[in-house]
Amino acid sequence: MAAAAGVAGETSERGLRLLDVKAGDTLFVDGGAGGVGAVAVQMALARGAKVVASASEANHDYLRELGATPVGYGEGVAERVRAAAGGPVDAVFDVAGKTPVEELISLAPEPSQVVTIANYTAGQSGARVTGGGADSHPMEALALTADLLAQNKLVIKVQTFPFDRTAEAYRISQAGKLVLVP
Ligand SMILES: NC(=O)c1ccc[n+]([C@@H]2O[C@H](COP(=O)([O-])OP(=O)(O)OC[C@H]3O[C@@H](n4cnc5c(N)ncnc54)[C@H](OP(=O)(O)O)[C@@H]3O)[C@@H](O)[C@H]2O)c1
């Protein structure tokens, strides 16, 4: 569980800090129901931001439960985000790397207000790509993550398996993330 929280927490803190997401801002998280996305959504909400997030239909209730406004991803996503935001979008955090970056940039006040952790060619269009390294403030990020977890402002859903169900876990892991426990 700590591993899941650490990676997702550090990555989310980094993305939201680079985007300078503040109370009252509107943030779009593309891929908001995933391991990183769900943490980014909750961290942004804890800062007082309004959050629109994309997911498959099956995860829309989950996003609502977290406090975000869900939209479907895929073709036309930017239009759906505009409609859901009901006003300007201040920042876009791309945690899936699937939407054409130009579409994400069309939502933001400027290209650099799109930060991606998963589309490594997005920098050519003026978006910012982050993979950690110098951008990372791991100690602050882990402290923030622990604090939000302690306050129940952050809940991380993971499916766990005992080691004797490793084969089953491996099969399921082909379609998502999980944590093995002894
Ligand atoms: N650069 C970094 O520092 C860094 C750090 C950590 C992770 N990563 C990368 O970040 C990515 C996400 O990691 P993760 O652990 O959050 O993965 P994950 O748990 O598998 O989540 C991926 C999410 O993407 C969503 N998705 C699928 N197709 C999409 C589309 N066309 N448009 C928008 N969203 C879509 C899925 O939504 P549904 O489940 O609803 O279909 C899913 O929730 C991976 O590529 C990973 O390698 C980068």
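Being a predicted model, the structure only gives us computed values, none of them experimental. (Residues numbered from 1 in each chain as written. Predicted model: local features only at pLDDT ≥ 70, side-chain atom pairs only at ≥ 80, totals over all residues. Heavy atoms only, no water.)

What follows is about the nonpolar core. One finds V21, L27 and F93 to be the most contacted residues of the largest nonpolar core, which totals 29 residues. For this core, the secondary-structure elements that each account for two or more residues are α1 (2–19), β1 (26–30), α2 (35–46), β2 (50–55), α3 (60–66) and β4 (91–94). The leading source of residues in this core is α2, at 7 residues. Once residues within four sequence positions are removed from consideration, V21 is found in contact with L16, L27, A44, R47, A49 and A91. Listed in part, the 17 residues of the second largest apolar core include V81, A85, L104 and L107. (Core = buried A, V, L, I, M, F, W, Y, C linked by side-chain atoms within 4.5 Å. Buried < 20%, exposed > 50% of the residue type's maximum accessible area, 1.4 Å probe, protein only. Helix = DSSP H or I, 4+ residues; strand = E, 2+ residues; numbered from the N terminus. Contact = heavy atoms within 4.5 Å.)

In the vicinity of the ligand lie 22 residues, with G35, V36, S56, N59 and Y73 positioned nearest. Between the ligand and the protein, one listed contact pairs an oxygen atom with a backbone N or O atom of G34 at 3.0 Å. Contact with the protein chains hides 70% of the accessible area of the ligand, taken as 930 Å² for the molecule alone. When contributions to the shell around the ligand are tallied by element, the ones reaching two or more residues are α1, α2 and β2. For the shell around the ligand, the residue count by class is 9 nonpolar, 9 polar and 4 charged. (Near = heavy atom within 4 Å. Polar contact = N/O pair within 3.5 Å; in protein donor to acceptor, adjacent residues only side chain to side chain. Areas by Shrake-Rupley, 256 points an atom, 1.4 Å probe, with all protein chains shown as cover. Nonpolar A, V, L, I, M, F, W, Y, C, P; charged D, E, K, R; others polar.)

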